[in-house]
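# Breakdown of the fold
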Amino acid sequence: MTEQFLIGTYTKKTSKGIYKVTLDTDQGKITDVELAIPSQKPAYLQVGTDGRIYAIKQVDDKGGVASYSLSNDNSKMLSDVLAAGAPPAYVGLDEERHLLYSANYHTAKVDVFKINPDGKLTLTDSVLHEGATGPKPEQEAPHVHYADLTPDKRLVVCDLGMDLVVVYDVSNDGKLTAVSRYKCEDGFGTRHIAFHPNGKYAYLLGELSSKLEVLKYNDKDATFKHLQTIKTIPSSWTTHNGAAAIRISNDGKYVYTSNRGENTIAVFKIQPDFTVKHIQSISTEGDFPRDFNLSKDEDYLLASNQNSNNLTLYKRNPETGKLTLLQKDIACPEPVCVMKWK
């Protein structure tokens, strides 16, 4: 059997766009890496249930989002919406309301786009983050880094510059209304958040602090209650590290995070009270692991090393949650996002 991932990339050096990666699950190895969608700086993407691809896009001095159809070796751009300035850092997909969200680190804006039946994107709302920021040099301004759905279909936004999580109600026509704000410790550097499958707990990753917060989520008023803070790197690690991606296994038993600097995947076991215990850190066999993802059956994990231009494949033990290295030095240019495709 085979399954495929799509790899979003930077295109500062040799990358040409979004790459397609084939995993042979019988052999336990990556067999092919090939260009799927030519594009400039598609650093993050989402895959719709209909197979459409939604990705960040840059053209010269303009940045924004784009939609594509992709069938085997044929790709077609359906729509793009670009504006002057840097492109977003993240895109989130809301198929029920036919909406796409973008989080722009540089402009501190959350944009909402209506997805029309033909794939055309239309801007419906834009919210600017303003206010007090954290103490770290990287927090000189608000920096929106993530915008995606909560289990109860609100929009949750992480602001790295403000050490903040903001939850918005979303109307069917794509308008945002802020309903709650959760403030992390100063310098946390709020980057990404992942919700437990039960919808009642969330795991919040701090890039600048290399910390993971465990939160209880109240869907009545969209508020968070702090339960635990734990480091994603050893206390003995003193050189630079930036926590990047976070994923939770479908069975709700394990949390995985990536560390850029220590260059590891950290594995945490979820305890009966939904706090976590660190059980493993394993090398990504490369430099700057910005993202990773689990295979469909979650027996494999594929990590992307941005600076060393390689992917790394692990076998995952579903009982223990731990990873075992299978394959390294899989050549892929400037890989920064890993998404399941088909």
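Here the residue numbering is sequential within each chain, running from 1 through the sequence in written order. It should be noted that, the model being predicted, local features are given only for residues of pLDDT at least 70 and side-chain atom pairs only at 80 or more, the latter also being counted only at that level, while totals for whole chains, interfaces and linings use all residues. Side-chain numbers come from the whole structure's heavy atoms, not from hydrogens or water.

Note the following rule: UniProt positions are given in the numbering used here, feature names are shortened, and annotations may be inferred rather than shown by experiment.
The name an unreviewed UniProt entry gives the protein chain is Lactonase family protein, with Limosilactobacillus rudii as the organism. Heading Sequence similarities (unreviewed entry) of the UniProt record for the protein chain holds this comment: "Belongs to the cycloisomerase 2 family."

## Some details on the sheet that holds strand β20 (residues 242-248)
To keep things clear, this is the line we draw: One bridge is not enough; two strands pair if DSSP finds at least two bridges between them. Segments assigned H or I by DSSP are reported as helices when at least four residues long, segments assigned E as strands when at least two residues long, and all are numbered from the N terminus. What counts as an axis is a line fitted to C-alpha atoms, over the stretch in contact for a helix, and the angles between N-to-C directions run from 0 to 180 degrees.
Read across the open sheet, the 4 strands follow the order β20-β21-β22-β23; overall the sheet is antiparallel. Looking at the sheet topology across the chains shown, the edges are occupied by β20 and β23 (276-283). Averaged over all pairs of adjacent strands, the angle between their axes in this sheet comes to 25°, without regard to strand direction. Examined bridge by bridge, strand β22 (residues 264-270) and β23 share 7 bridges and lie antiparallel to one another. By the bridge assignment, Ile270 is partnered in β23 with Val276.

## Remarks on the pattern of salt bridges
Keep this limit in mind: Here a salt bridge means any side-chain nitrogen of Lys or Arg lying within 4 Å of a carboxyl oxygen belonging to Asp or Glu. For every residue, the accessible area obtained with a 1.4 Å probe (protein chains only) is divided by the maximum for its type, and the residue is called buried under 20%, exposed over 50%, and partly exposed between those limits.
Counting across every chain of the model gives 10 salt bridges. With a shortest N-O distance of 2.7 Å, Asp94 and Arg97 are connected by a salt bridge. Two residues, Arg154 and Asp169, come together in a salt bridge whose shortest N-O distance is 2.9 Å. Separated by 15 residues along the polypeptide, Arg154 in the loop between β12 (144-149) and β13 (155-159) and Asp169 in strand β14 (residues 164-170) bring together distant segments of the chain. Owing to a relative accessible area of 14%, Arg154 belongs among the buried residues under this scheme. Where salt bridges share partners, they join Asp152, Arg154 and Asp169 into one cluster.

## Some points on the pairing of strand β10 (residues 109-115)
For a regular strand, the rule is simple: side chains alternate between the two faces of the sheet. Counting buried residues along β10, 5 of its 7 residues qualify, which places the element largely inside the surrounding structure. Where strand β9 (residues 99-104) lies against β10, 6 bridges are found, and the strand directions are antiparallel. Considered in β10, the bridge of Asn104 is made with Lys109. Between β9 and the antiparallel strand that follows it, β10, lie 4 residues; Ala108 among them carries a positive phi value of about 60°. Across 7 bridges, β10 lies against strand β11 (residues 121-128) in antiparallel orientation. Pairing of Val110 across the sheet is with Val127, part of β11.

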